Amino acid sequence: MMQSRCSTAIALLLLWLSISNNNASGAFVGINIGTGVSNLPPSSGIVSILQAKNITHVRLFNADHQMLTALAHTGIEVMVSVPNDQLLRVGQSRSDAADWVNKNVAAFVPSTNITSIAVGNEVLTALPNAALVLIPALQFLQAALLAANLNSQVKISTPTSMDLIPKPFPPSTAQFNSTWNQIMSQYLQFLKNTGSVFMLNAQPYYGYTNGRGIFPLEYALFRSVNPNTQNVDPNTDHVYTNMFDAMVDAAYYSMQALNVSGIPVVVTQTGWPWLGGSNEPDANVDNALAYNTNLIRHVLNNSGTPNQPGVQVSTYIYELFNEDLHIGPLSEKNWGIVFPNGTTSYSLTFERLALSNNAGSTGPVGMFCVANSSASVSALKQGLDWACGPGSANCSAIQPGQPCYQSDNIVAVASYAYNNYYHKTQASGGTCNFNNTAMLTTTDPSYGSCIFEGSSGATGSTGATALGPVGPDNFAATKCHASTFLYIITLALLFLV
């Protein structure tokens, strides 16, 4: 009986530690749901897609009542938006602001978990004529939340464009466009007073393409950068291994330039287009997958920035569906990760990612590059020869007598070689293409003793590491030793520091 009580007590304490540690991380990756879609699925279908992909945070570009109703009782945290075309009305009338909150927020909580309001989108750069009503809009909406007793649950801010920071690198010298200093000072003070966050739209795709060769593609995609080409802030000696962190820190330093600190940045819009025109070669599936996969890993692994290493940066990926109604180049219409019928542009997981346990693998667990079964045998043979030759894939497992050898199945053999090459080279720019004979999938092609790179069973479970020794010597005693409890309590204190 004593043994059972001791084991139970320790198990409960370990569970508490695990939960506390998970909650402490705070960072999340959500998704934007745009409105420029000609064949948007019904709201219930959208919610089913969100749940299937384990997406727990969404940003709506409006306050669509059907979506808010469909999101009820799901637990998904929702950011609703005051569209730019409604900003003037809300910013000029306290009663209109109160009406907006009552109809679009108060009417749906607590069933729908609305936690924030985005007031406009990139107002100062996209709609400068509305700049004078931005601060009143924030204040009127805050007053309405206060009157509805929702000010603790729902926070207000406004998404800001990187265009508001003319020279974002080096981050330490970044400043907001001085034209807007008065409004920005008022805005930042509002955020401080209300405990809100600074919303930033940070798009490394545009930073890379507009830079016209200044920054390497790897830097934009969170991939390994040649040490000789690393970006170092000369004023702080901070090394920036990716453009995303540099953009976020530029926002932090810009706030500091106005003598404001302590406001966390939330990235409300980032991503990468998966399809572009002939003059947009970097808008492709491989780059989109690499950027968003590496972004999710970076955010959920509690990676701060060089300037704010202890502050996680929660992020919303742009976007769930392609917005085919957008004007502009082809890339503007193809940022979505899911088609309206539920099929995917490319496979993306919103759960915490780990690297494969296989030595030399840099690809994410649960992602595989496999041969397309509709490709011709000759094309697959050519791709296989390249992967095992110039591609330097480890093809020993597909040799005769080895676990992945199948003499009569070129698709399976090529899949192993393709996948091995992809996982070895993905972080440094390797792609899953092979002259259009390969595709990415989340379906694990492993079978029997043939384990593919990226499989969670490659060298054992990739689950959570035990918090301490759990062998029989620890818990088989007939009583609960004080030293065991002391060990566990020490762990608890370490987790709480």
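Not measured: the values here are computed from a predicted model.

What's the story with the state of the cysteines in this structure? I'm lost.
Linking two cysteines covalently via their sulfur atoms produces the bond known as a disulfide. Taken as a whole and judged by the stated rule, the model has three disulfides. Between the sulfur of Cys369 and that of Cys432 lies a disulfide, 2.1 Å long from S to S. One quick way to see it: the torsion about the S-S bond of Cys369 and Cys432 is about 90°, and its sign makes the bridge right-handed. Taken together, the positions of Cys369 in strand S12 (residues 368-371) and Cys432 in the loop between helix H14 (410-425) and strand S13 (438-441) put the pair 63 residues apart, joining distant regions of the chain. Comparing Cys369 with Cys432 shows no difference in burial state: the two are buried. Two residues share a disulfide in this structure: Cys404 and Cys450, whose sulfurs sit 1.9 Å from each other. Given an S-S torsion of about 110°, the disulfide between Cys404 and Cys450 has right-handed geometry. Within this pair, whereas Cys404 is found in the loop between helix H13 (377-388) and H14, its partner Cys450 is found in the loop between S13 and helix H15 (472-475), the two being separated by 46 residues in sequence. Here Cys404 and Cys450 have matching classes, each one buried.

Looking at this structure, how should I read the sheet that holds strand S2 (residues 57-60)?
Two pairing modes exist for strands in a sheet, parallel and antiparallel, and in both the strands are linked by backbone hydrogen bonds. In space, the nine strands of this open sheet follow the order S5-S4-S3-S2-S1-S11-S10-S7-S6, with parallel pairing throughout. Two strands close off the open sheet at either side, each with one partner strand: strand S5 (155-157) and strand S6 (160-161). Inspection of the sheet shows S6 paired to strand S7 (residues 198-201) by two bridges, in the parallel sense. When the bridges of S7 are listed, Ser161 appears paired with Asn201.

Quick question: what am I supposed to make of the packing of aromatic side chains here?
In the structure shown here, the tally under the stated rule is 22 aromatic pairs. The interplanar angle of 50° and the centroid separation of 5.9 Å between the aromatic rings of Tyr187 and Phe198 together place this pair among those described as tilted. Note that Tyr187 is positioned in helix H8 (residues 181-194) and Phe198 in strand S7, a separation of eleven residues in sequence. Owing to a relative accessible area of 1%, Phe198 belongs among the buried residues under this scheme. Through successive ring pairs, a cluster of aromatic residues spans Phe61, Tyr205, Tyr206, Tyr208, Phe222, Phe244, Trp272, Tyr291, Tyr318 and Trp335. We note Arg59 situated over the ring of Phe61; from NZ or CZ to the ring centre the distance is 4.4 Å.

Just to check I follow, could you spell out the side chain of Glu122 for this structure?
Looking at where Glu122 falls in the secondary structure, it is placed in the loop between strand S4 (114-119) and helix H6 (123-126). Residues contacting Glu122, with those up to four places away along its chain left out, are Leu127, Pro159, Thr160, Ser161 and Asn201.

Is there a simple way to think about the pattern of salt bridges in this case?
Think of it this way: side chains of opposite charge can pair up when their charged atoms draw near. Scanning all chains against the criterion turns up two salt bridges. Between Lys103 and Asp99 there is a salt bridge; the shortest N-O distance is 3.4 Å. Highlighted residues: Lys103 and Asp99, both in helix H5 (residues 94-106), separated by four residues, approximately one helical turn. Classification of Lys103 as partly exposed rests on a relative accessible area of 47%. A salt bridge links Lys381 to Asp385; the shortest N-O distance between them is 2.8 Å.

Can you walk me through the confidence of the model for the protein chain in this structure?
As a general rule, the predicted coordinates of low-pLDDT regions are not to be interpreted in detail. Residues with a pLDDT of 70 or more make up 82% of the protein chain, whose mean pLDDT is 84. When the criterion is pLDDT under 50, residues 354-359 qualifies, and its contacts beyond four places in sequence or with other chains add up to 21 contacts. Low pLDDT (under 50) marks residues 458-497, which in the prediction has 47 contacts with non-local residues, meaning those over four places away or in another chain.

I'm lost on the pairing of S12 in this one. Help?
Two faces, one strand: in a regular strand the side chains alternate between the faces of the sheet. Alternating positions in S12 separate into two faces, Phe368 and Val370 on one and Cys369 and Ala371 on the other, with burial throughout. One ladder, built from four bridges, connects S12 with S13; its direction is antiparallel. Its bridge partner being in S13, Cys369 is matched across the sheet by Leu440.

Teacher, can you tell me more about the packing of helix H4 (residues 84-92) against H5 here?
Where H4 meets H5, the axes come as close as 5 Å, and the angle between the chain directions of the two elements is 120°. One way to sum up the angle between H4 and H5 is to call them oblique. Residues Gln86, Arg89, Val90 and Gln92 of H4 touch H5, and the partners they reach there are Arg94, Asp96, Ala97 and Trp100. Along the lines of polarity and charge, the residues of the contact of H4 with H5 split into three nonpolar, two polar and three charged.

Calculation notes
Residues numbered from 1 in each chain as written. Predicted model: local features only at pLDDT ≥ 70, side-chain atom pairs only at ≥ 80, totals over all residues. Heavy atoms only, no water. Disulfide = S-S within 2.5 Å. Helix = DSSP H or I, 4+ residues; strand = E, 2+ residues; numbered from the N terminus. Buried < 20%, exposed > 50% of the residue type's maximum accessible area, 1.4 Å probe, protein only. Pairing = 2+ DSSP bridges. Phe/Tyr/Trp six-rings, centres within 6.5 Å; stacked < 30°, edge-to-face > 60°. Lys NZ or Arg CZ within 6 Å of the ring centre and 35° of its normal. Contact = heavy atoms within 4.5 Å. Salt bridge = Lys/Arg side-chain N within 4 Å of Asp/Glu carboxyl O. pLDDT = per-residue confidence, 0-100. Axes fitted to C-alpha atoms, helices over the stretch in contact; angles between N-to-C directions. Parallel < 35°, antiparallel > 145°, perpendicular 65-115°, else oblique. Nonpolar A, V, L, I, M, F, W, Y, C, P; charged D, E, K, R; others polar.

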